[in-house]
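Overview (structure and organization)
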Amino acid sequence: MNRNMLMKLAISGFVLGITTFGHGTLGQSAEASSAGKPGVAAKSAGAARAALEKGKASKAVGHAEAAVAASPRDAGYRALLGQAYLNDGRFASASAALTEAMELGATDANTILALTLANIAQGKTADAVALLSAHRDTVPAPDAGLALALAGDNESALYVLTEAARAEGASARTRQNLALALALSGRWAQARILASQDLSLAKVDLRMAEWAKLAGQPDAQLRVASLIGTKAKVDAGMPVRLALASSPDTQMAAAADDKVVLAAADPAPVDSFAPPPVVLASADTEIRTVELPMPQRDENGVVPVTELPQPAAAPGEVIMADATPYRAAPGAPAETVRPVQAQALELATKIVPAVFNAKKPNGWAVQLGAYDSLGIAKEKWGVLKKKNGMLSSFPASSHAATVKGRTFYRLTVNGLSTRSDATQMCRQLKAQGQVCFIRQMGGAESIQWAAKSSPIRLASR
């Protein structure tokens, strides 16, 4: 990917970390380096990298193919070939070359990301997600999160990117990738707010238009091609002569492993393999007879019922049904609750809303979002409270915060005594698709609006 294209992607927010190209020493063994034509391979690989830097992907493909032909078992050259195919819009060839590069030992972040994009372009989203999951410690979180969003795994993408954006020293690229992931998941309002933290209003509008065009593209090949700044091409696959299985070293190794088993010079006599003769019963063989007792009959020839076989007793203890009715009988105490209700009450009271002082808020809170006006924050609280009944049991508030000259109104759920309680609530909200994070209220926030909590109610008996 050329540097001008990288700058364009960084400005537009389409940022993935494929910024460098594999070198000939990646995953290369001493045996592989001595095979083929190392000088020709290195020269061709250098020409391929130079062509990629200038944005000439088709020309880079020719040089990279020459490098692989000269040194077939070099992992770095195959990774370079795969990235050249990817930038040229040949996704099937890119997938084949990058897969073989990983087989030879290329497990760097660039190779994994390039193979992930090639799989997504071919509709192999499950393979793309599995690849990212297997190399989660190798691929940077901002790149892995955006790749997951492109693969359609929105919840995992938002989780990874949210954690990365909260980390100390998070870059603008990380925040923009998170904003793009929010847009791809249909959360355009949140995407606009997050994107505006690093861009002017004019650029935010341009960004939203670009993201809307990307999100509205149903064809996976065209979407990935648009993302990396190329055009999808009809691809018949990588040339057979360049396949790893077609390289001379692989063929020689296969020939050495395939040992032909020859027949023995003096095969065993046929008699030893013949089945044993059939043993026939002799004429004087006695057949053993067994006398079965006959039931005693009465004078009418009828077998008495008492002499018929009786069924055996069922093993184990017989569990009797509870005679007590499930519902409380008339006249039972009104405070009697069913076991399920008792469990629900016990679970609900594990996180007891603490007393909330609107003038000096303290304790732990779960922030649900930041909005342009106080009215939007109130309206959002009403929607979230209906969607999740747990939230109505806690007080909520909104206070103003100025970020880079703009005023936002943060919506928080308050009254959480410990960090553990706040973390548990946020985890439950994330499971329902709500973006949130925990924060500690310092008592100095200026509250513009506060909503009281509702008492915990049990279902009717």
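Rules used throughout
- Residues numbered from 1 in each chain as written.
- Predicted model: local features only at pLDDT ≥ 70, side-chain atom pairs only at ≥ 80, totals over all residues.
- Heavy atoms only, no water.
- Helix = DSSP H or I, 4+ residues; strand = E, 2+ residues; numbered from the N terminus.
- Buried < 20%, exposed > 50% of the residue type's maximum accessible area, 1.4 Å probe, protein only.
- Contact = heavy atoms within 4.5 Å.
- Areas by Shrake-Rupley, 256 points an atom, 1.4 Å probe, with all protein chains shown as cover.
- 1 Å grid on protein atoms, 1.4 Å probe; cavity = no way out; pocket = protein on both sides within 12 Å on 5 of 7 lines; lining within 4 Å.
- Points joined across faces, edges and corners; volume = space filled by probe spheres on them.
- Nonpolar A, V, L, I, M, F, W, Y, C, P; charged D, E, K, R; others polar.
- Pairing = 2+ DSSP bridges.
- Axes fitted to C-alpha atoms, helices over the stretch in contact; angles between N-to-C directions.
- Disulfide = S-S within 2.5 Å.
- Parallel < 35°, antiparallel > 145°, perpendicular 65-115°, else oblique.
- Left-handed = near helix turned anticlockwise from the far one by under 90°.
- Expected span 1.5 Å × (residues − 1).
- Arc of directions from axis to C-beta.
- pLDDT = per-residue confidence, 0-100.
- Core = buried A, V, L, I, M, F, W, Y, C linked by side-chain atoms within 4.5 Å.

1. A closer look at the overall build of the protein chain
Of the regular secondary structure elements, the protein chain holds 18 helices and 5 strands. Within the protein chain, the proportion of its 461 residues that are buried is 38%. Restricting to contacts in the protein chain with at least 6 residues of sequence separation, those with at least 24 account for 69%. Surface accessibility of the protein chain: about 26,800 Å² in total, with carbon and sulfur atoms responsible for 58%.

2. Let's talk about empty space enclosed by the protein
As enumerated under the stated definition, the model contains 2 cavities of 30 Å³ or more in all. Of the volumes computed, that of the largest cavity is approximately 50 Å³. Along the walls of the largest cavity sit Leu 384, Lys 387, Asn 388, Leu 391, Leu 429, Gln 432 and Gln 434, which together make up its complete lining. Here the residues of the lining of the largest cavity sort into 3 nonpolar, 3 polar and 1 charged.

3. Quick word on the sheet that holds strand S3 (residues 406–416)
The strand order S4-S1-S3-S2-S5 describes an open sheet built from 5 strands, whose pairing is antiparallel. Among the strands making up the open sheet, the edge pair consists of strand S4 (437–442) and strand S5 (447–451). Strand-to-strand, the axes of this sheet are offset by a mean angle of 40°, without reference to chain direction. Relative to S3, strand S2 (residues 396–403) runs antiparallel, the two sharing 8 bridges. Bridge pairing links Thr 402 to Thr 407 in S3. Each of strand S1 (362–371), S3 and S4 is contacted by helix H18 (residues 419–431), which is oriented at about 30° to S1, the strand it contacts most.

4. Looking at the layout of surface pockets
The rolling of a water-molecule-sized probe over the atoms marks out the regions of remaining empty space. Its boundaries defined by the atoms lining it, the largest pocket holds a volume of some 780 Å³. What lines the largest pocket is a set of 26 residues, and nearest its centre among them are Leu 178, Leu 194, Gln 197, Gln 367 and Phe 437. Every element with two or more residues in the lining of the largest pocket is listed here: helix H10 (154–166), helix H11 (172–184), helix H12 (188–195), S1, S3 and S4. For the lining of the largest pocket, the leading source of residues is S1, giving 5 residues. Classifying every residue of the lining of the largest pocket gives 15 nonpolar, 6 polar and 5 charged.

5. Digging into the state of the cysteines
Per the stated rule, a full pass over the model turns up 1 disulfide. A disulfide bridge connects Cys 426 with Cys 436, and the sulfur atoms are separated by 2.2 Å. Residues Cys 426 and Cys 436 are joined through a disulfide that is right-handed, its torsion about the S-S bond being 110°. Highlighted residues: Cys 426 in helix H18 and Cys 436 in the loop between H18 and S4, separated in sequence by 10 residues. The pair formed by Cys 426 and Cys 436 is uniform in burial state, with each residue classed as buried.

6. A few points about the packing of helix H3 (residues 38–53) against helix H5 (residues 75–87)
For the pair H3 and H5, the least separation of the axes is 11 Å and the interaxial angle reads 30°. Judged on the interaxial angle alone, H5 and H3 are roughly parallel. Where H3 crosses over H5, the handedness of that crossing is left-handed. Contact residues: H3 offers Ala 41, Ala 42, Ala 45, Ala 48, Arg 49 and Leu 52, while H5 offers Tyr 77, Leu 80, Ala 84 and Asn 87. Partitioned by chemical class, the residues of the contact of H3 with H5 number 8 nonpolar, 1 polar and 1 charged.

7. Topic: helix H17 (residues 374–387)
The terminal C-alpha atoms of H17 lie 20 Å apart, and with 14 residues this matches the ideal 20 Å at 1.5 Å per residue to within 8%. If you check which residues of H17 are buried, you get Ala 377, Trp 381 and Leu 384. One face of H17 carries all of its buried residues, which in axial projection span an arc of 75°. Those residues of H17 that are exposed and angled more than 90 degrees off the buried face are Glu 379 and Lys 386.

8. Examining the environment of Leu 374
Relative to the assigned elements, Leu 374 resides in helix H17. Put simply, Leu 374 and Ser 398 are 24 residues apart on the chain and 7.3 Å apart in space, counted from C-alpha to C-alpha. When residues no more than four places from it in sequence are discounted, the contact partners of Leu 374 are Ser 398, Tyr 409, Gln 448 and Trp 449.

9. Thoughts on the confidence of the model for the protein chain
Per-residue pLDDT for the protein chain averages 74, and the proportion of residues at 70 or more is 65%. Confidence over residues 1–35 falls short of pLDDT 50; this stretch has 88 contacts with residues more than four positions distant or in other chains. Contacts from residues 252–258, a stretch scored under 50 in pLDDT, to residues over four places away or in other chains number 0 contacts.

10. As for the environment of Gly 76
In this structure, Gly 76 sits in helix H5. Classification of Gly 76 by relative accessible area gives buried; the value is 0%. Each C-alpha atom, one on Gly 76 and one on Met 102, is 9.4 Å from the other, the two residues being 26 residues apart in sequence.

11. Considering the nonpolar core
One finds Leu 81, Tyr 85, Leu 86, Phe 91, Leu 117 and Trp 211 to be the most contacted residues of the largest nonpolar core, which totals 65 residues. With 8 residues, helix H7 (residues 109–121) is the single largest residue contributor to this core. If you look at the next biggest cluster of nonpolar residues, it comprises 22 residues, including Val 366, Tyr 371, Phe 394 and Val 413.

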